[in-house]
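Here is how the chains run, residue by residue.
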Amino acid sequence: MSVADLLPMSFQQAQGGALILAIGAFCWAYLRTRRSNLPYPPGPPPKNIIAGNLTDLPPKRAWETYSKWAEQYNSDIIHFRVFGQHMVILQTLDLSRELLEKRSTVYSDRPYNAMIDLMEWDIAVGFKPYGPEWRHHRKLFQQGFRTGTTTLRYRAIQTDKVNDFLRALLDNPNKFRQHCKALSAAVIMRVIYGYDSAPEEDYFVELSEAAMVKMCDSWVAPGAMVVNTIPILRHLPSWFPGAAFKKYAIEGQELTRKIRDVPFAFVTKSLAEGTAKHSVVSEMIANNEEHETIKEVAATGYGAGADTTMATLAWFFYAMILHPEVQRKAHEELDRVIGNKRLPTYDDRDSLPYIEAVVREVLRWRPIVPLGLPHATSFDDIYNGHFIPKGTIVMANLWAIAYDKNIYEKPEIFNPDRYFNKDGTLTTEGIHSEVWSFGFGRRICPGRQLALDTIWLAVATVLSTFDILKKKDANGNVIPVDEDIEVADGLVSHAADFQCAVTPRSNVARQVIVESVAKE
Ligand code: HEM
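Residues numbered from 1 in each chain as written. Predicted model: local features only at pLDDT ≥ 70, side-chain atom pairs only at ≥ 80, totals over all residues. Heavy atoms only, no water.

1. Observations regarding the overall build of the chain
Alright, step 1. Helix and strand content of the chain: 21 helices and 10 strands.
Alright, step 2. Over its C-alpha atoms, taken along the principal directions, the chain stretches across nearly 70 × 60 × 50 Å.
Alright, step 3. Counting every position in the chain, which comprises 520 residues, the buried fraction comes to 57%.
Alright, step 4. The contacts of the chain with a sequence gap of at least 6 include a subset with a gap of at least 24, amounting to 75%.
Alright, step 5. Accessible surface, the chain as shown: approximately 22,700 Å² in total, 55% of it carbon and sulfur.
Alright, step 6. Across the chain, 58 positive and 62 negative side-chain charges occur, with their mean positions spaced 2 Å apart. (Helix = DSSP H or I, 4+ residues; strand = E, 2+ residues; numbered from the N terminus. Buried < 20%, exposed > 50% of the residue type's maximum accessible area, 1.4 Å probe, protein only. Contact = heavy atoms within 4.5 Å. Areas by Shrake-Rupley, 256 points an atom, 1.4 Å probe, with all protein chains shown as cover. Lys, Arg positive; Asp, Glu negative; His and termini not counted. Charge placed at Lys NZ, Arg CZ, Asp CG, Glu CD.)

Encoded structure:
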């Protein structure tokens, strides 16, 4: 998610609705008069009494700007304000843990977003305000994805879906990105609904994608920034001049309702017909959970789990084309431990520390949610002599953590070796990207075990069977790859398009894949 997404309005958009916005924002800011004489945390002084720091905010890679401010103000906590909305950025792992974990009673709310509300995306656990409803939905979600026996049960599904993924890579390597997406979607759909999605043009997947796109784009829909700044405007009728956001929201609402109802109906129908496969939803139904609640909890899964897993896998391919030396080390470990006659399985995980280190490094090197999901404070707080008012949006700068030189030596380098102790064992504490990449405290990602399991098996099996190299053109010349590829700003940070050649390491590797799929 970019800052502009969270904030009331970008500078350009401010021109149009300026008057109405200015009045509303001023009243809002006025009503939020400060309740403490303590200073706010350091940060850039507001440029304007109403818009605050609006014009200081960059349209892209906000996490880098925050890191510059942290340096400039020599502070690991940064404060600024936009239209009366207080924003706080946490720059270090220790501070994120201190506030978001140790003070989680204060820091576990989510900011209100009028468009999310209008589009009914507040059905999702991740957007619900901190309170009894969120607690109930979160508990159900966790029961479905709990680490340990519950997620272990999904490993057979993940193995089948990863085998399909390898086969798809074999058959059509150029579409590697599409295959990453199909794998991520297939695991989620099967685990949550017991539904086996098609590799392409699947109705449920496309519906979920459409709903996600509509939600992600809602921040820049016409008028959306105005209503997000002055939420009371959500009550305007759609014919009201400037209320185009209402039409957008109604379209979005239709999609949200569909992703809530349609896959759920698939489960109830297959249960009635006796064809249902075990799933998170079928289990919640068996536990007599209220159907409306089940629908909402289940609908959260695709949005939160598919794009994130897919983005991580795509970054893995990107890292591999830039680092053949890492692939060589991974191949050496895999050939030594597994040989070339079978695919690695979850049972091999403890014997493959280098693969574990590669996964950690992919998660660190390009954090796919660089600013996490925004938390919000439920009460006033004081940290280190600084006042943080109730309602402040608080973000952990995961990108800054990933590039913190106090934790990672030469952080810009992709280097799985950093996770090894001198005696060759894996580090067990301190620099675990697979922990902080998933957020903090009571809001920490409840799908992290499922995600890590899918990513680990995909990485291990791809490296054991394929070479991932820079692509060559028709004349045999290597097509150069931008080493600082563009990151698509959005709810999830995807790598911009890049090409790579994914070729089987040998005929035996090809055969192993074909046979693994045949055994399913
Ligand atoms: C590489 C993959 C993934 C990454 C990096 C990731 C990361 C995150 C992060 C940073 C948060 C915000 C935590 C916070 O507010 O502090 C989050 C929340 C969440 N994630 Fe994930 N996630 C991934 C995969 C998944 C999967 C596979 C699922 C579900 C099947 C999932 C479900 C959720 C949910 C429901 C929330 C909201 C939790 C709440 O607000 O209580 N995520 N995730």
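2. Observations regarding the environment of Leu166
Alright, step 1. In this fold, Leu166 is placed in helix α9 (residues 155–171).
Alright, step 2. Distance in space between the C-alpha atoms of Leu166 and Asp196 is 17 Å, their sequence separation being 30 residues.
Alright, step 3. Every residue in contact with Leu166, bar those within four places of it in the chain, is listed here: Leu343, Thr461, Val462, Thr465, Phe466 and Ile513.

3. Looking at the nonpolar core
Alright, step 1. One finds Trp121, Phe316 and Phe317 to be the most contacted residues of the largest nonpolar core, which totals 142 residues.
Alright, step 2. Per element, the largest residue contribution to this core is 17 residues, and it comes from helix α15 (residues 291–322).
Alright, step 3. Listed in part, the 17 residues of the second largest apolar core include Ala51, Trp69, Ala70 and Ile393. (Core = buried A, V, L, I, M, F, W, Y, C linked by side-chain atoms within 4.5 Å.)

4. Notes on the UniProt feature "binding site: heme" (unreviewed entry) in the chain
Alright, step 1. As recorded in UniProt, the sites labelled "binding site: heme" (unreviewed entry) are Cys445.
Alright, step 2. What makes Cys445 partly exposed here is its relative accessible area of 26%. (UniProt positions renumbered as here; feature names shortened; annotations may be inferred.)

5. A short note on the packing of α9 against helix α21 (residues 507–519)
Alright, step 1. Relative orientation of the contacting elements α9 and α21 amounts to 135 degrees, with a least axis distance of 9 Å. With respect to their mutual orientation, α9 and α21 come out oblique. Pair α9 / α21 crosses with left-handed handedness. Together, Asn163, Asp164, Leu166, Arg167 and Leu170 of α9 and Arg510, Ile513, Val514, Ser516 and Val517 of α21 make up the contact between the two elements. (Axes fitted to C-alpha atoms, helices over the stretch in contact; angles between N-to-C directions. Parallel < 35°, antiparallel > 145°, perpendicular 65-115°, else oblique. Left-handed = near helix turned anticlockwise from the far one by under 90°.)

6. Brief notes about the state of the cysteines
Note on terminology: disulfide describes a covalent bond linking the sulfur atoms of two cysteines.
Alright, step 1. Counting across every chain of the model gives 0 disulfides.
Alright, step 2. Cys445 supplies the cysteine sulfur nearest to Cys216, a cysteine that is in no disulfide, at a spacing of 16 Å. (Disulfide = S-S within 2.5 Å.)

7. Here we look at the packing of aromatic side chains
Alright, step 1. The full count for this structure, using the stated rule, is 22 aromatic pairs.
Alright, step 2. Judged by centre distance (5.2 Å) and plane angle (45 degrees), the rings of Tyr130 and Trp134 are tilted.
Alright, step 3. Taking the relative accessible area as the measure of exposure, Trp134 reaches 5% and is therefore buried.
Alright, step 4. A ring pair is formed by Trp365 and Phe414, whose centres lie 5.3 Å apart and whose planes are at 80 degrees; its orientation type is edge-to-face. Of this pair, Trp365 sits in helix α17 (residues 353–365) while Phe414 sits in the loop between α18 (398–402) and α19 (433–436), and the two are 49 residues apart along the sequence. Neither Trp365 nor Phe414 differs from the other in exposure class; each is buried. (Phe/Tyr/Trp six-rings, centres within 6.5 Å; stacked < 30°, edge-to-face > 60°.)

8. Some details on unusual backbone geometry
Alright, step 1. At Phe83, a position not held by glycine, the phi torsion is positive, near 50 degrees.
Alright, step 2. Following the sequence through the fold, Phe83 ends up in the loop between β1 (77–82) and β2 (85–90).
Alright, step 3. Using a relative accessible area of 4% as the deciding quantity, one classes Phe83 as buried.

9. With respect to the coordination of the iron atom of the ligand
Alright, step 1. The sole protein-derived ligand of the iron atom of the ligand is Cys445 (SG), positioned 2.3 Å away.
Alright, step 2. Within the secondary structure, Cys445 is located in the loop between α19 and α20 (448–465). (Donors = N, O, S within 2.8 Å, 3.2 Å for Na, K, Ca; no water.)

10. Thoughts on helix α4 (residues 62–72)
Alright, step 1. Of all the residues in α4, the buried ones are Ala62, Trp63, Thr65, Tyr66, Ser67, Trp69 and Ala70.
Alright, step 2. After α4 finishes, the residue Asn74 shows a positive phi value of roughly 50 degrees.

11. Let's talk about the confidence of the model for the chain
Alright, step 1. On average, residues of the chain carry a pLDDT of 90, and 92% of them reach 70 or more.
Alright, step 2. Residue range residues 1–19 is modelled with pLDDT below 50. Its contacts to residues more than four positions away, or to other chains, number 42 contacts.
Alright, step 3. Interface confidence in the predicted complex, given as ipTM, is 0.99; pTM for the same model is 0.92. (pLDDT = per-residue confidence, 0-100.)

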